[in-house]
Amino acid sequence: MTSNPLNPSNGDEEPQDPLAEMLKNLMGGQGMGNIDPAELAKAAGLPDDPNLLAQMFSQVQAMMSAPSEGPVNWQLAHENARRVAASGSDPSVTAQQTREVDEALRLAEMWLDQVTGLPATGLIGRAWSRAEWVEETLGTWKRLTEPVANSIANALSTAMTEQMPEEMKSMMGGASSMLQNMGGAIFGMQLGQAIGALSAEVVSSTDIGVPLADLEMALLPSNVAKFGEGLSLPENDIRLFLAVREAAHARLFVQVPWLRGHLLGAIEAYARGIHIDTSKIEELARELDPGNPEGIQDALSQGVFMPQRTPAQEQALEKLETALALVEGWVDELSWAATEKMLPSAAALRETVRRRRATGGPAEHAFSSLVGLELRPRRLREAAALWASLKDERGVDGRDAIWHHPDLLPTAEDLEDPKGFSERRKLAEASDSEVDDALQKLLNGGFDEPEESGEPTDGTGEPSEADEPGEPGVADQTEQPGQTGQKGEPGTDDVPGEGEGPKP
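Every value quoted in this text rests on a predicted model; they were computed, and no experiment measured them.

### Some thoughts on the overall build of the protein
On a plain count of helices and strands, the protein comes out with 19 helices and two strands. Expressed as a percentage of its 504 residues, the buried residues of the protein come to 43%. Considering only residue pairs separated by 6 or more positions, the protein has 76% of its internal contacts joining residues 24 or more positions apart. Just so you have it, the protein exposes about 27,000 Å², and 49% of that area is on carbon and sulfur atoms.

Following this line, the structure appears as C-alpha cells:
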C-alpha cells in the first residue's frame, strides 16, 4: 500500500495527520480535544504545506508555550539578550585586561580625590565581557521597562484575540492561553534583542547615566577598544578617561544613597504614563503574516506609542531629564577637572563623550523606539556650566553639598540661568524660614497670646467694652476738672470743679 506523504504512518493502524501532530507538540504533548486541525488551519489562514507549517511552529512554539510569571516573558528576554551579545565578537576577558582595568580605576579614584569632597567608594574595579554586562544589568532593565512592557504585552494579546475570526475563537478552546502568552513573549524577545545590542555599545556599567548594576564599578575592554577606533589617541589615555567617568559615577551613587532610587523612580514614573497606541497594534495584528513571525518584531522596533503626553507625564519627563542632566553634568565637570592636567587628550575625549551621549548609538535608538524612553542628558552642557559656576562661587565642598538632599537639587529653570541659582535659592530659603517660624509659633501657642499694645484687653486678646470708641471707659467715670462727659457738650454730671463757684 502506498503511503500518503500528508498522512504518514506511525506504526498504528490510523495514519497520523502532520498538522495535528505539530499542534499537539506545540501544546506540550496535550491532546487537541475537539479541535479540527484542518478547520483551524483554514480559519487562521495557515498554509497547507507541512514543511512550512513545521518551520513556522518551531519559531513560535517557544513564544507561546514558554512559562512566564507575568505578562512579559523575562526568560525569553534574558535568553535573547545573551544570544545577541554572543552573536558578535565577545571574547572572554583576559587576565591582562582585568589588570589594566583595575589599575585604571584605582588611578582614577586617586585623581578624583583631588577634585571632590565625596570620599572614595572602596569598590573593586571589574572588567566585563558583553555577556557579563547583560547578566549584571538585566534586573535593573526589568525594573525600568516592566510598566510599559506589561502594557504592550496586554495590548498585543488583546488585539490578537479581537482580530481572530469568530470560528477560530470557538475552536481554540483550551489553547487560548497560548495566545495570551504570545504578546509577552514577543515583547520579551524584542527587549532582549535591544539589551543585547546595547551590550555591544556601552563602555562601562554607568555609561548611559543610570546605575544599572548597584555597587559596581566596571569597564568593558572590548567596547573601550571599539570606542577608541578612529580617534588616533593613545589607548591608555582613552581607558583612563573612561575609568575616571566610571569612578565618578560610582562615587556619586554610592556616597549619595538616595540618588539611585530618585533617578530610577523618575524613570518608572515616566514609563507608567506611556500611552499605548492600540490602533497600531490592531493594524499589526490584522496584517500579521503567520509565516513571518519576525515581522512582529520589525513592527515593534518602529515604535507603538502615541506622541502625545499627559500633563503628569510631561512633569515626570522634565524631572527625569533634569536629573539625568545633573548627574551627567557633575560627572563631566569632575572628569575634566581630574584629567585636564593629567591627560593631553582630555579635551578631545571630553568633547567626544559629550557628542556621543547627546546623539546615542543605534542600539540606544532601537531601545528608545521599543519602550518610548530616551536615557540621554539633553542638557548636559548647561548642567556642567551650572556645576562649574557653583564651584567658583562656593568651592568644591559647597558645590558637592547640593547632593545632600533631593530638595536642594537645581531645577530646569536653574539650568537655563546658572548664575541666578544662588539668588533664587536664597529667596526660597528665606520663604521656608518664614513658614518654619510661623509653624513653630503655632506649635508653641504663640498665636493664642495677646499682641503687645497700649490698650487693655478683656483676657481674650480683644479690647474691653469700656475701651470701645464713643463710650466712656472705667477711668472716665471721674472727670478731670474743667472736663465734661462729652467733648463740646455739658456732661450729665455737671459737678463744679475746685476754685469755681456755683453757677448762677
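### Some details on the side chain of Asn 80
Counting through the fold element by element, Asn 80 comes out in helix H4 (residues 74–87). Apart from residues no more than four positions distant in its own chain, Asn 80 is found in contact with Met 189, Gly 192 and Gln 193.

### Notes on the packing of aromatic side chains
If you walk through the whole model with that rule in mind, you get three aromatic pairs. Ring centres of Trp 387 and Trp 403 lie 5.2 Å apart, and the angle between their planes is 20°; this geometry places the pair in the stacked category. Taken together, the residues Trp 387 in helix H17 (residues 380–400) and Trp 403 in the loop between H17 and helix H18 (412–416) connect sequence positions 16 residues apart. Across this residue pair, the class does not change: Trp 387 and Trp 403 are buried. Taken together, the aromatic side chains of Trp 330, Trp 387 and Trp 403 make up a single cluster linked through ring pairs.

### Considerations on the nonpolar core
With 85 residues, the main nonpolar core has Trp 133, Trp 141, Val 210 and Trp 403 as its most contacted residues. Counting residues per element, this core draws most heavily on helix H14 (residues 311–339), at 12 residues.

### Looking at the confidence of the model for the protein
On average, residues of the protein carry a pLDDT of 74, and 57% of them reach 70 or more. Considering only residues more than four positions removed or in separate chains, one finds that residues 1–20, a stretch of pLDDT under 50, has 22 contacts.

### Considering the pattern of salt bridges
A complete count under the given rule lists 17 salt bridges for this structure. Among the ionic pairs, Glu 100 bridges to Arg 239, the shortest N-O distance being 3.7 Å. A residue pair is termed long-range when its members are at least 10 positions apart, and Glu 100 in helix H5 (residues 95–113) and Arg 239 in helix H10 (residues 235–255) qualify at 139 residues. Since its relative accessible area comes to 24%, Glu 100 is described here as partly exposed. Of the charged contacts in the structure, one is a salt bridge between Glu 351 and Arg 355, with a shortest N-O distance of 3.1 Å. You can see Glu 351 and its partner Arg 355 sitting in helix H15 (residues 346–359), four residues apart, about one turn around the helix. Assessed through its relative accessible area of 26%, Glu 351 is described here as partly exposed.

### Quick word on the environment of Leu 138
Residue placement: Leu 138 occurs in helix H6 (residues 130–163). Residue contacts for Leu 138: discarding those within four places in its chain leaves His 78 and Ile 195.

### A few points about the packing of H10 against helix H11 (residues 257–272)
Where H10 contacts H11, the axes come no closer than 4 Å and their chain directions differ by 100°. Overall, the two elements H10 and H11 adopt an arrangement that is roughly perpendicular. Two secondary-structure elements touch here, H10 through Leu 252, Phe 253, Val 254 and Gln 255 and H11 through Pro 257, Leu 259, Arg 260 and Leu 263. In terms of residue class, the contact of H10 with H11 is made up of six nonpolar, one polar and one charged.

What counts and what doesn't
- Residues numbered from 1 in each chain as written.
- Predicted model: local features only at pLDDT ≥ 70, side-chain atom pairs only at ≥ 80, totals over all residues.
- Heavy atoms only, no water.
- Helix = DSSP H or I, 4+ residues; strand = E, 2+ residues; numbered from the N terminus.
- Buried < 20%, exposed > 50% of the residue type's maximum accessible area, 1.4 Å probe, protein only.
- Contact = heavy atoms within 4.5 Å.
- Areas by Shrake-Rupley, 256 points an atom, 1.4 Å probe, with all protein chains shown as cover.
- Phe/Tyr/Trp six-rings, centres within 6.5 Å; stacked < 30°, edge-to-face > 60°.
- Core = buried A, V, L, I, M, F, W, Y, C linked by side-chain atoms within 4.5 Å.
- pLDDT = per-residue confidence, 0-100.
- Salt bridge = Lys/Arg side-chain N within 4 Å of Asp/Glu carboxyl O.
- Axes fitted to C-alpha atoms, helices over the stretch in contact; angles between N-to-C directions.
- Parallel < 35°, antiparallel > 145°, perpendicular 65-115°, else oblique.
- Nonpolar A, V, L, I, M, F, W, Y, C, P; charged D, E, K, R; others polar.

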